[in-house]
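Residue-level structural notes
Listed below, chain by chain, are the residues.
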Amino acid sequence: MFDEISSRYDLLNRLLSLGLDLSWRREISRFLSHKPGQRLLDLATGTADVLLTLANHPHIQKGVGVDLADQMLAVGKAKIRKRRLGHRLSLQHGDIQHLPFSDESFDVVTIAFGIRNVPEPQKVLKGMFRVLKKEGRALILEFSLPANRWVRFFHLFYLRNIVPAVGFIFSGRCAAYRYLNQTIEDFPFGEAFCQMMRETGFQQVKAHPLTFGIATIYEGDK
């Protein structure tokens, strides 16, 4: 599904979020630790937006992105080449439920808008915990639902009606964008997701709502 929309993925992200997806990804950098020379792993990296955003942070030295969608990775690789960051950033095909990395390999592991798409999110959290170094940090950016009932009402109307229509107009793939609201509504968020992280072993788990709670950054340390 993601391969089919890869050529329009970035455009539709910007359009459907009114550009907020860019600021949400930049917000991740606020929660990075101050340890210099960090090695970053980005899961469900897609077109590498998170890697490219965090590469600007002074404490990120190297970054690796993993995704199953080869066409999405191709777009990401082209963006990395354009930015001339191939010496610092790399992308590879892989299943984030079965990470091909040694224990305690990374200082920080991120995933943006991806964990709700996997059959077993707990398995992804366990993999993140395994590959993190001691005192390493997981940062998860994911959609959530606003607490305010009126904001939630209009947000759900937008997700259920406007997003699929616009997605179809620009990509010809209505199903991909109808799938979006279904996964957002079904996936645990807020304290429920924080508890999932704690059960995995993460400590000092915090949820940082963004834009009235439309999205949330979850932070947890090993």
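Look above for the structure.
Quick look at the structure, then.

Our next topic: the packing of aromatic side chains. For the coordinates displayed, the defined rule picks out 9 aromatic pairs. Among the aromatic residues, those joined into a ring-pair cluster are Trp24, Phe113 and Phe143. When the ring centre of phenylalanine 129 is taken as origin, the NZ or CZ atom of lysine 222, which lies over that ring, is 5.0 Å away.

Membership of the largest hydrophobic core comes to 32 residues, with the highest contact counts inside it found for Trp24, Ile28, Ile80, Leu89, Leu139, Leu141 and Ile217. Put simply, the parts of the chain that give this core at least two residues each are α2 (20-28), α3 (49-54), α4 (70-82), β3 (89-93), β4 (106-112), β5 (132-143), α6 (149-171) and β7 (215-221). For leucine 139, the residues in contact, after removing those within four places along its chain, are Ile28, Phe31, Leu32, Val108, Val109, Thr110, Ile111, Ile217, Tyr218 and Glu219. Core analysis: the next-biggest nonpolar cluster, separate from the first, contains 27 residues, Val64, Val66, Phe101 and Phe193 among them.

Moving on, we come to the side chain of histidine 57. Note that histidine 57 resides in the loop between α3 and β2 (60-67). Under the relative-accessibility criterion, histidine 57 is labelled buried at 17%. At 3.1 Å, the side chain of histidine 57 forms a polar contact with the backbone nitrogen of histidine 59. Dropping the residues within four chain positions of it, histidine 57 is found in contact with Ser29, Leu32 and Ser33.

Calculation rules
One numbering rule holds for all chains: residues counted from 1, following each sequence as written. Local features in a predicted model are, by the rule used here, given only for residues with pLDDT of at least 70; side-chain atom pairs are given and counted only at 80 or more, and totals for whole chains, interfaces and linings are based on all residues. Computation of side-chain values covers all heavy atoms of the structure but excludes hydrogens and water. For this analysis, a ring pair means two rings from Phe, Tyr or Trp (six-membered ring only for Trp) whose centres lie within 6.5 Å, classed as stacked if their planes differ by under 30 degrees, edge-to-face if by over 60, and tilted for the remaining angles. Counted as over-ring charges are cases with an Arg CZ or a Lys NZ within 6 Å of the ring centre that also lie within 35 degrees of the ring normal. Here, nonpolar core refers to any group of buried Ala, Val, Leu, Ile, Met, Phe, Trp, Tyr and Cys residues whose side-chain atoms link them within 4.5 Å. Each residue is placed in one exposure class: buried if its accessible area under a 1.4 Å probe, protein chains only, is under 20% of its type's maximum, exposed if it is over 50%, and partly exposed if it falls in between. Helix and strand assignments follow DSSP, with helices taken as H or I runs no shorter than four residues and strands as E runs no shorter than two, numbered in order from the N terminus. Contacts were defined at the residue level, with two residues in contact if any of their heavy atoms lie within 4.5 Å. Polar contact criterion, stated in full: a pair of N or O atoms within 3.5 Å, where within protein one must be able to donate a hydrogen and the other to accept it, and residues adjacent in sequence count only if both atoms are side-chain atoms.

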